[in-house]
Amino acid sequence: MSHPMSFLSNEQLLAVFNLTKTATAIHVTEDAIIQTANDAMLRVWDKDRSVIGKSLADALPELKGQPFIEMFKRVWNEGLTIAGQDTPADLNIDGQITTVYFDFEYRAIKDEDGKTICILHTATDVTDRFMGKEALIRMREKEEALEREQALNEELAASNEELAAINEEYLQIQESLSQLNEELEKRIEIRTQDLADGLKRELALNESQLRLNDELSAINEEMTASNEELLSTNEELAAVQDRLNRKIYLLAESESRFRSLVEQSPVAIALFHSSDLIIDIVNDQMLQIWSKTADIEGKPLAVAMPELIGQPFIPILKDIFTTGETFFAYESKGTILRNGEPTDGYFNFICQPVKDDEGEIVSVLQVVTEVTTQVQARLEVQKAEEMIRFAVDAAKLGAWHINTETNALIYNPTLANIFGYEGEESMTYEQAIAQVTEDYRDVINDEIQKAISGRGDYDITYSQRRFNDGELIWLRSLGKVTKDESGGFSTFSGFVMDVTESKKDEERKNDFIGMVSHELKTPLTSLNGYLQLLQSKARKSNDTFTSGALEIAGKQVKKMTSMINGFLNISRLESGKIILNKSTFRLDELLRSTLDEVVVMDSEHSINFTRVDAIEIFADYDKISNVISNLLSNAIKYAPNHKDIEVTCQIVDHDARISVRDEGMGINPEDTEKLFERYYRVENNHTISGFGIGLYLSAEIIERHNGKIWVESELGKGSTFYFNLPLA
């Protein structure tokens, strides 16, 4: 016994869509009402699904005063696409306004008439990328500062060498002055001894004294010159000392600026010196990642964070003091104590040696970015993708991908099995299309091109021949155009499922309904005739009880006949055998005639109809009459305690419009969208009979007349059904 295949519902397809890692939302109207948003977008907004149905301004009030809401209005009103990179947005994350950077796109999705029907909103959180760029800029500034510091150190070294040379020269001058003083003392001693020799040599002594005075005068002049030179040297030494003090001040100021840059950096930074990894500088961002306080400065890393012992991070930092090579790591897993509990996380980090003027490694600089959330999200997406692949295999779905530019086709083995393709070479797109039956080949090509050009969904049921045995099979194919890595829409992918058995079951069911309906109409017609004959005899004999009972029985027979006709029409409709016998007639006269028939059948309700001018249409008289009768019958059925029914017929925007309004129980909003589906009945109306085919048939008849049917309802206050038809 065959069983019908299970299809993915729109809700299931939307659930799959919600698992995509690209943050995506769909908005409608210029107020950017959120019609749907996947989980990735809700995480970006830090909101739950209660924002669905709200405007962007109401869902994210922090966006007021930012440019995004006005961007949405422009995209909606002008039908354009607005995109941006590294764009800052202030969002309410965990109760605090936080600046986040995004690559985003607001794209107007249009219908065939070029009218905007929704806005596709995609966004990628690039805060880490943006912050990484900023960190690199600050690192370059720090390197420039270190270069200036190195140049200053070189100038200081040159000044020290100059000062050493001056000191050496000063010592030489002091030795020369000492020698001159010793020589002067010896000469004075000799002259004094000569004076003691007696008066006899007084004249000679005076002459010698005069010569000595001349020599002393020369020596004094020489000492004066030496003193002046020494004074000049002292002034030069004082100037050198001033420059030295200035360079020491600049060096201290440069170190202070570097510490300030590290402390104010938006990324986590720490500086370690010596092979013991003494924590020299650490900023708040790094302390937050480590879950530590500032009192760990000055401690070895192993003492400050003993949980790192046995993990690779301490050996990596120590190796840099030996090798001098920069170390990079991406999504490295580590365990850190947070709130006293070991917590696993994922980190991107860079460890870079810092060298002095002689090329010796004095410190290691570490920059860390925590990517735990991103890695866990990716792992969850990978798990979801594995589950999707498992579900696809379990459901025997054929998966396909088409390059919209080259028509290159990629498919899984299940699709090849469904198609009966056993060729050694890969099946091409042209080969697959050639197997589609002629009735659907143009249709499927048109639907594919429509989906590609409109960036929309693709859902079609069609028939084709299998490759290996030529058997006719029925398939349902669903697809969607998605962005590729370059941002273009070059990938068209989806699934295909074999619905042959389900299609055959549907055909058998329709055949059975048609056959039973035909078989039941003959006895019902006879029964109705006998009831009318009996009712006539009862009236002649003034048997009021029997006459009333037969009248009720006649109404039930007519109701059953109406339901059987409905099933028969469904069978004809779905088998394509229903035919529209169109003619030109006055819609207002048809409406008046139908109302008269209803009044005869039901005298308890008051039907108010406002007369209008003549309205001519080109349509099937009987089928439009059936639509009007069905709407009036529903109004009477669903408003048993409210007797007033209002009917209007008017011309609106070059269309004829009929409305039927009751004051009955009304319809829930979640039911209105499904009200015109086949066999659909409102769940809370168990006391009212029916099979849910009247509105379905009415909708199909109106649609085949290129018209439109809809309902407006408020629970507890009644409903108004409308339908439009083109004028003749």
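Computed from a predicted model, the values in this text were never measured in an experiment.

Caption draft 1: A look at the environment of Asn724. Its location among the elements puts Asn724 in strand S22 (residues 718–726). Along the sequence, Asn724 and His705 sit 19 residues apart, while their C-alpha atoms lie 9.5 Å from each other. Among the polar contacts made by the side chain of Asn724, one reaches the side chain of Arg657 at a distance of 3.0 Å.

Caption draft 2: Quick peek at the sheet that holds S22. Spatially, the 5 strands line up as an open sheet ordered S17-S19-S20-S22-S21, and their pairing is mixed. The open sheet has two free edges, formed respectively by strand S17 (606–609) and strand S21 (708–714), since each of these has just one partner strand. In this sheet, neighbouring strand axes are inclined to one another by 15° on average, regardless of whether the strands run parallel or antiparallel. As paired strands, S21 and S22 are joined by 7 bridges and run antiparallel to one another. Bridge assignment links Glu714 to a residue of S22, and that residue is Gly718. Contacting strand S19 (644–652), strand S20 (655–661) and S22, helix H17 (residues 621–637) runs over the sheet at an angle of about 170° to S22.

Caption draft 3: Structural context of the packing of H17 against helix H19 (residues 694–704). Contact geometry of H17 with H19 gives a least axis separation of 10 Å together with a crossing angle of 145°. Of the two possible hands of crossing, H17 and H19 adopt the one that is left-handed. Residues Lys623, Ile624, Val627, Asn630, Leu631 and Asn634 of H17 pack against Gly694, Leu695, Ser698, Ile701 and Ile702 of H19. Partitioning the contact of H17 with H19 into residue classes produces 6 nonpolar, 4 polar and 1 charged.

Caption draft 4: A look at the sheet that holds strand S15 (residues 491–498). In space, the 5 strands of this open sheet follow the order S12-S11-S15-S14-S13, with antiparallel pairing throughout. On the outer flanks of this sheet lie strand S12 (409–411) and strand S13 (457–465), each paired with one strand and no other. On average, adjacent strands in this sheet sit at an angle of 25° to one another, irrespective of strand direction. Strand direction decides the pairing type here: strand S11 (residues 398–403) and S15, joined by 6 bridges, are antiparallel. Paired with His401 across the two strands is Ser493, which belongs to S15.

Caption draft 5: Seen up close, the environment of Arg441. Tracing the backbone shows Arg441 in helix H13 (residues 438–454). A sequence separation of 21 residues divides Arg441 from Tyr462, and the C-alpha atoms of the two residues are 8.7 Å apart. Leaving out residues up to four positions away in the same chain, Arg441 has contacts with Ile433, Ala434 and Val436. In terms of polar contacts, Arg441 uses its side chain to reach the backbone carbonyl oxygen of Ala434, at 3.2 Å.

Caption draft 6: Quick look at the nonpolar core. One finds Leu587, Ile624, Ile628, Val647 and Phe723 to be the most contacted residues of the largest nonpolar core, which totals 36 residues. With 7 residues, H17 is the largest single contributor of residues to this core. Ignoring any residue separated from it by four or fewer positions in sequence, one finds Phe723 in contact with Val627, Ile628, Leu631, Ala656, Arg657, Ile658, Ile702, Lys708, Ile709 and Trp710. In this structure, Ala23, Ala57, Val100 and Ile119 belong to the second largest nonpolar core, which totals 31 residues.

Each value, and the rule that gives it
- Residue numbering note: each chain is counted from 1, following its sequence as written.
- Since the coordinates come from a predicted model, pLDDT governs what is reported: local features require at least 70, and pairs of side-chain atoms require 80 or more to be given and counted, while whole-chain, interface and lining totals use all residues.
- Computation of side-chain values covers all heavy atoms of the structure but excludes hydrogens and water.
- Numbering of helices and strands runs from the N terminus; a helix is a DSSP stretch of H or I covering at least four residues, while a strand is a stretch of E covering at least two.
- Whenever a nitrogen or oxygen atom comes within 3.5 Å of another N or O atom, the pair is scored as a polar contact, on the condition that within protein one atom can donate a hydrogen and the other can accept it, and that pairs from neighbouring residues in sequence are kept only if both atoms are in side chains.
- Two strands are said to pair when DSSP picks up at least two bridges between them.
- Axis angles are defined between N-to-C directions and span 0 to 180 degrees, where every axis is a line fitted to C-alpha atoms and, for a helix, only to the segment in contact.
- What makes two residues a contact is simply this: any of their non-hydrogen atoms within 4.5 Å.
- Note on convention: near helix rotated counterclockwise from far helix by under a right angle means a left-handed crossing. Clockwise means right-handed.
- Following the grouping adopted for this structure description, the nonpolar residues are Ala, Val, Leu, Ile, Met, Phe, Trp, Tyr, Cys and Pro, the charged ones are Asp, Glu, Lys and Arg, and the polar ones are all others, Gly among them.
- Side-chain atoms within 4.5 Å link the members of a nonpolar core, which is a set of buried Ala, Val, Leu, Ile, Met, Phe, Trp, Tyr and Cys residues.
- Relative accessible area decides the class of each residue, using a 1.4 Å probe on protein chains only: under 20% of the type maximum gives buried, over 50% gives exposed, and in between gives partly exposed.

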